[in-house]
Amino acid sequence: FFDFWSFYEGPDSAGSNGYITYVSEARAKVLGIANVTMEKDDLDVYFADDDDDDNNNSTRRKRRRRKLKEQPEEPFLYMKTAPTPNGPRESIRLEGKRRYNRGLFIIDLRHMPQGCGLWPAFWMTDEANWPVNGEIDIVEGVNYQTEAKTALHTTKQCDMYDVPQGTMTGTWDTAVGIPDRKTGIPDMTFREARNCFVYDPHQWLNQGCVSIDTDGGSLGVPLNKKGGGVFALEWDPQYKHLRSWVFSPHTAVPENLVKAIRTAHKPESQRVMPDPDQWPLPYGYFPIGEGTNCGSYHFKNMRLVLNTAFCGSVAGNRFQIDCKKESKEFKTCNEYIKSEPDALKEAYWKIRGVYVYERDWVKTWAH
């Protein structure tokens, strides 16, 4: 797994300002906070014979528990954090070695970091040219948030006021109470966060355009209680859109996607290619390209990033709002994290796999 990623080493970026220090691969292994572990997959009892079930083509058929004669061990990635005497925790930030200009990006999560002060993310960016080349947040949790969100961050002239009806099941984040830049008086006008421009004066700084999964329970604590889920982002300039899905629990994952994931390790001739058109409607839909309100040039040369941050410009700034119980004892998010609460035992990723596909020709997805 780690062959496809680089370990960023150093402090968090000035813009995020997380209360962490990212460590090298060698340091992470010494601390025991990054490893791939072989273990049995609990979901095998539901999906083991799907490859032989050719008569059932339903998108969301009812899963049933099966008895297995043999259950092989599978690799799982664990990413944790570690305390330091000075306070900021040592953490991991993986940066993908490949750059993308399109693709279908899938992550099978079994657990994500949860709780107060946490700010985990699985996202795409070209940080050296941010926000010119854009940013796409696929999975991002802040404190106790429980609903999956997809956010786009760009330069000017990219908004989502032209999203066709019936293309998504989610809703839009809101921007209310934004202080006037001259007077400082909060503007209580209700607005949906549909402008992807990071400095739009009528939205929160770097809010971007944000779609929200309305089914709920698709992030953080409730997601983990369900055993995780599968998140997918389709970035498709050919068909002029970005689309995002979350399926949780795993028994809700569409049949085509289940088979794609479970055959990804097999020889190419035996793989099942994912086909998002066989899946339910996405919760997020973002038109991009010619004829839309957002040119496709806003998104290019991006790589995947997987990291766990604490506090900082988002989770830290929301500490008093989101962490009612913790903020009664600690004045700041940093003080809370430095106290090493037992809750930080839940600050870890458990990942079955990250899968990337790119269109080889028109409607064909190639792994």
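Residues numbered from 1 in each chain as written. Predicted model: local features only at pLDDT ≥ 70, side-chain atom pairs only at ≥ 80, totals over all residues. Heavy atoms only, no water.

A. Quick look at the nonpolar core. Counting residues in hydrophobic clusters, the biggest one holds 50 residues, and the most contacted among them are Met124, Ile136, Met160, Trp235 and Phe299. Beyond its immediate sequence surroundings of up to four residues, Met124 is in contact with Tyr100, Phe105, Gly134, Glu135, Ile136, Ile138, Leu233, Trp235, Met302, Arg303 and Leu304. Formed by 19 residues, the second largest nonpolar core is a distinct cluster that contains Phe310, Cys311, Ala315 and Phe319. (Core = buried A, V, L, I, M, F, W, Y, C linked by side-chain atoms within 4.5 Å. Buried < 20%, exposed > 50% of the residue type's maximum accessible area, 1.4 Å probe, protein only. Contact = heavy atoms within 4.5 Å.)

B. Here's a closer look at the sheet that holds strand β10 (residues 135–140). Reading across the sheet, the eight strands line up as β1-β7-β19-β9-β10-β11-β15-β12 and stay open at both edges, with antiparallel pairing between neighbours. What marks the edges here is a single partner per strand, and that holds for β1 (5–7) and β12 (171–172). As paired strands, strand β11 (residues 149–153) and strand β15 (residues 209–212) are joined by four bridges and run antiparallel to one another. In the strand pairing of β15, Thr150 is matched with Ser211. (Pairing = 2+ DSSP bridges. Helix = DSSP H or I, 4+ residues; strand = E, 2+ residues; numbered from the N terminus.)

C. View of the state of the cysteines. Applying the stated rule across the entire model yields four disulfides. Across the disulfide from Cys311 sits Cys333; the S-S distance is 2.1 Å. Its torsion about the S-S bond being -80 degrees, the disulfide of Cys311 and Cys333 is classed as left-handed. Of the two residues, Cys311 is situated in the loop between β19 (303–310) and α5 (312–316) and Cys333 in helix α8 (residues 333–338); the sequence distance between them amounts to 22 residues. Look at the chain and number its bonded cysteines as they come in the sequence; the links are 1-7, 2-5, 3-4, 6-8. (Disulfide = S-S within 2.5 Å.)

D. Expanded view of the sheet that holds strand β3 (residues 20–22). Strand order across the open sheet formed by three strands is β2-β3-β6, with mixed pairing between neighbours. The strands lining the two open edges of the sheet, one partner per strand, are β2 (10–11) and β6 (89–91). For β2 and β3, the ladder comprises two bridges, and the chain directions are antiparallel. Paired with Gly10 across the two strands is Tyr22, which belongs to β3.

E. Expanded view of the confidence of the model for the chain. Scored by pLDDT, the chain has a mean of 92; 91% of the residues are at 70 or more. Taken as a whole, residues 50–61 scores under 50 in pLDDT and shows 27 contacts with residues more than four places along the chain or in a different chain. Here residues 362–367 is modelled with pLDDT under 50, and outside its nearest four sequence neighbours on either side it reaches 22 contacts, counting other chains as well. (pLDDT = per-residue confidence, 0-100.)

F. View of the pattern of salt bridges. This model, assessed by the stated rule, comprises 19 salt bridges. For Asp41, the salt bridge is made with Arg352, and the minimal N-O distance between the two is 3.9 Å. One end of the pair, Asp41, is in the loop between β4 (34–40) and α2 (44–47); the other, Arg352, is in strand β20 (residues 349–361), and 311 residues separate them in sequence. You'll find Asp41 and Arg352 in the same group, each marked buried. Several salt bridges converge on common partners, so that one network encompasses Asp41, Glu74, Asp108, Arg110 and Arg352. (Salt bridge = Lys/Arg side-chain N within 4 Å of Asp/Glu carboxyl O.)

G. Representation of the environment of Phe319. Mapping Phe319 onto the fold places it in helix α6 (residues 319–322). The buried category is assigned to Phe319, whose relative accessible area is 1%. The spacing of Phe319 and Asn143 is 176 residues in sequence and 7.8 Å in space, taken between C-alpha atoms. Once residues within four sequence positions are removed from consideration, Phe319 is found in contact with Cys116, Asn143, Glu326, Ser327, Phe330, Lys331, Thr332, Cys333 and Tyr336.

H. Quick peek at unusual backbone geometry. With an omega dihedral of 0 degrees, the bond running from Trp130 to Pro131 counts as a cis peptide bond. Residue Pro249 is bonded to the preceding Ser248 through a cis peptide linkage, with omega at 0 degrees. Within the secondary structure layout, Pro249 lies in the loop between β17 (241–247) and α4 (255–262). A positive phi angle, close to 55 degrees, is found at Asn143, a residue other than glycine. For Cys311, which is not glycine, the phi dihedral falls at a positive 55 degrees.

I. The arrangement of α4 in detail. Here α4 lies mainly inside the structure; seven of its eight residues are buried. Residues Glu255, Asn256, Leu257, Val258, Lys259, Ala260 and Ile261 constitute the buried set of α4.

J. Quick look at the pairing of strand β7 (residues 93–96). Here β7 shows no split at all, with Arg93 and Glu95 on one side and Leu94 and Gly96 on the other all buried. Across three bridges, the pairing between β1 and β7 is antiparallel. The residue of β7 that forms the bridge with Ser6 is Glu95. Both β7 and β19 contribute to a ladder of three bridges, which runs antiparallel. Paired with Arg93 across the two strands is Asn307, which belongs to β19.

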